Amino acid sequence: MKDDGKTKEELIRELTGLRRELDALRQSEERFSSIFSNIGVGVALISPQMEIISLNPVMKQWFPHIDVSNQPICYKNFNSPPAEVICSYCPTTQTLQDGEVHRATTETPMPGGYRSFLVMSSAVRDAEGKIIAAIEVVEDITERKRAKDALRSSETLLQAVIGSSADMIFVKDLQGRYLLMNKAWSDVTGRDFKEMRGKDDYALFVPEEAARVMADDRRIISSASSVMYEHVLTFAGQKRMMQVRKGPVFDDQHNVVGVYGISRDITERKKMEDALRDSEAKYRELVENANVIILRMALDGTVTYFNEFAEHFFGYSADEILGKPVVGTIVPRRESVTNRDLSEMINAVLSDPKRYQENENENITRDGRRVFVHWTNRIVFGSGGEPIAVLSIGRDITERRHAAEERLKLQKLESLGVLAGGIAHDFNNLLQGVFGYMSMARLNIDRKEKALAMLDQAGKALEMTTNLTGQLLTFSKGGRPVKKRIILAEVIENAAKFALSGSRVDYRLTVEKGLWAAEADEGQFGQVIQNMVLNAAEAMPEGGTIEIAADNIELAKGSKQAISDGGRFVRIQIRDTGIGISELHLSKIFDPYFTTKQKGSGLGLASSYSIVKNHGGVIEVDSEQGKGSCFSLYLPSCETEEEAEAQASPGTGRSRRILLMDDEEIVRDVAKEMFEELGHEVESAADGAAALEKFWQAKEDGRPFDIVIFDLTIKGGMGGEEAIRILRESDPAVKAIVSSGYADTPVMSEFRSYGFAAVLNKPYRIEALEDCLNTLLVDLE
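Please read these numbers as outputs of a predicted model, since none were measured by experiment.

Student: Explain the pattern of salt bridges here, please?
Tutor: Two side chains with opposite charge may pair up if their charged atoms get near one another. One pass over the full model with this rule turns up 28 salt bridges. Across the salt bridge formed by Lys183 and Asp187, the nearest N and O atoms sit 3.0 Å from each other. Taken together, the residues span about one helical turn, with Lys183 and Asp187 both in helix 5 (residues 183-189) at a distance of four residues. Classification of Lys183 as exposed rests on a relative accessible area of 53%. Residue classification places Asp187 among the exposed positions, given a relative accessible area of 51%. Across the salt bridge formed by Asp551 and Arg571, the nearest N and O atoms sit 2.8 Å from each other. Linking Asp551 in strand 21 (residues 544-555) with Arg571 in strand 22 (residues 567-575), this pair joins segments that are 20 residues apart in sequence. One network of salt bridges, with partners in common, ties together Arg115, Asp140, Glu143 and Arg146.

Shown next, in the form of structure tokens:
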């Protein structure tokens, strides 16, 4: 059968081909639809009239407000109204006009903020080549753009850092051509970056230097490792010492693609280092050959430097002494030399504006010889201004010190001669008074009143001898005060009257109301006032009035250097209008053997100074020649005088049994007469053992002793210290008095801690004995 001239077979073949074409077209459309729907970018089909024909799902997701089926929408509706497309031109418009591929980027406002898109437009043509549509492929490049911007910002920051670096920084490729150089590189080399970019080191250095530099680069590339070295290079005709660090530049695959370098011009530093080495060499040569001891100590006292002269002087090698403490090696180890002394020395140096401190001390050599060194100490400071060490420079003064000691011995012998002569002179005068008045009393024995007056004068002379011996005891091994609460005003007035007896000089005493009391040795304190008043009177040969004032003063801590702790003091000021003291002599007036008088031993002010010091006080002097002097005595107070007076109580007239122990028969005899005169019964013993036997026997007989008096020192027998210890073991309540002519033992000054209830200094008068007994007898009532 034919149809339109075609056979059935032809029609079947034609239909079969058509079906195949339709299947192929359908498969093609399905593939296109699959790609169109699943591609990861946005795709839009735009008509020549700029109407949207179709959008793939990605575009619909990005721009959900566009509805293609509603009505033709122009390209600008890709943006959410009222914003507009931000691009230099519309790529689709250009493609529909010229059929070429065009690109553009847009910044489109989205709900989450602006997004960046890359739009690429290409033409769709029919079989005759006519443009029938345009396909736009839209890619979201927001993150890529942000990363690129961040990279650009990072590169800008890197360029700023590299550009501001004082070090020369450069990068080369594998052929040694410069890719990057910073400003410091250009400043040092004198070459511009634009000029050198793409060139190698032969354009910068002389051939031999260029060859050496590029050889170094090749070694770095082959080893893929960094190096640091120093070498000399020539820039602008000047040789410079450079410190260079070079290393390989890697790509993402860790392949070496170039060389980086960081160079620093150290020419000036090298010159300084060379100069410093020269200086150190000269300094070391000077120090090692100096004829002085030079050592350096850390702040903990360990030796860190010991010069050659020090080795020779002390007998130690530097290896033996370094790292060891100075105390225990060249400085003898004793309690007075500790690290605390070193710390105090360091603090003294730091507080001194001159920043050094000098001292002389005894040192010891390796073989045990005692040597004396004059040290000058300075603090060594670190770079931050902190103290790190002590530098000590010492000079040998051993011979000078020995010579000075010999001179001092001679001076002391001379002074002792002066002292002995003065004491002999004073004692002879006083003994003359004693013997003279006693002989006169014997001649006038029938004339009672005159004999008594002579004996009274002999007693006064004897009392003055006790003052003289008291001054000597002050310079003996003790002279410790036996303290008790005393009424100062009364002691001051009695001492002033005694000192000025028969003198042309008078005194005026002013005492502050409510004057504080003090704990003091009444005899020693009276001696101080006598000496000071007598000294003031001797400064006024034409006569006059000595002003004596006593008042209370409270010193703040640190307000007076001599009394750094401050406290409550009684101040006694003795002011004269005499000749004054020269500035030359002012610093020596308290020296033991110093005197400007033709007569006298020079003990007065010296003993006063020692006594006041032993009482915890000080004496100061202010004097001007031709106008007089003022001595100020500061004595620590304990309470008001009213409180002290309240302590005094009258004695009792009742007779008591007393046991007296003393190894001197004359002392026992005269004491027995005194006790019996006071109405007491007394028994005596020559030593402690006999006294204890009598004490215990009397107790067994029912006639115990009320008070015992023990002499402290017994020749060849038991003394008072041992006797009271044994006695108190059997009778803790015993009332005992310690008596002695020595004040060089703590038993006298601290008698209560040894078990005694009171103290009685020899020699004593009957009035002093009565006062001492009354103090204890009141407690027995």
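From this point, things continue past the structure.
Student: Hey, could you run me through unusual backbone geometry in this one?
Tutor: Across the chain, the bulk of peptide bonds are trans and the bulk of non-glycine residues have phi less than zero. Located in the positive-phi region is Met50, a residue other than glycine, with phi close to 65°. Assignment of secondary structure puts Met50 in the loop between strand 3 (42-46) and strand 4 (52-55).

Student: Got a minute to help me understand helix 14 (residues 488-499) in this structure?
Tutor: Note: α-helices contain 3.6 residues per turn, so residues at a spacing of three or four share the same orientation. Taking 1.5 Å per residue as the helical rise, helix 14 with its twelve residues ought to reach 16 Å, and the 16 Å between its terminal C-alpha atoms agrees with that figure. Those residues of helix 14 not exposed but buried are Leu488, Ala489, Val491, Ile492, Ala495, Ala496 and Ala499. Relative to the axis of helix 14, the buried residues are bounded by an arc of 165° and lie together on one face.

Student: In this structure, what is going on with the environment of Gly679? I would like to understand it.
Tutor: When you line up the elements, Gly679 lands in the loop between helix 19 (665-677) and strand 27 (681-685). For Gly679, a relative accessible area of 38% puts it in the partly exposed group. In this structure the C-alpha to C-alpha distance between Gly679 and Arg657, which are 22 residues apart in sequence, comes to 9.8 Å.

Cut-offs and rules
Residues numbered from 1 in each chain as written. Predicted model: local features only at pLDDT ≥ 70, side-chain atom pairs only at ≥ 80, totals over all residues. Heavy atoms only, no water. Salt bridge = Lys/Arg side-chain N within 4 Å of Asp/Glu carboxyl O. Helix = DSSP H or I, 4+ residues; strand = E, 2+ residues; numbered from the N terminus. Buried < 20%, exposed > 50% of the residue type's maximum accessible area, 1.4 Å probe, protein only. Expected span 1.5 Å × (residues − 1). Arc of directions from axis to C-beta.

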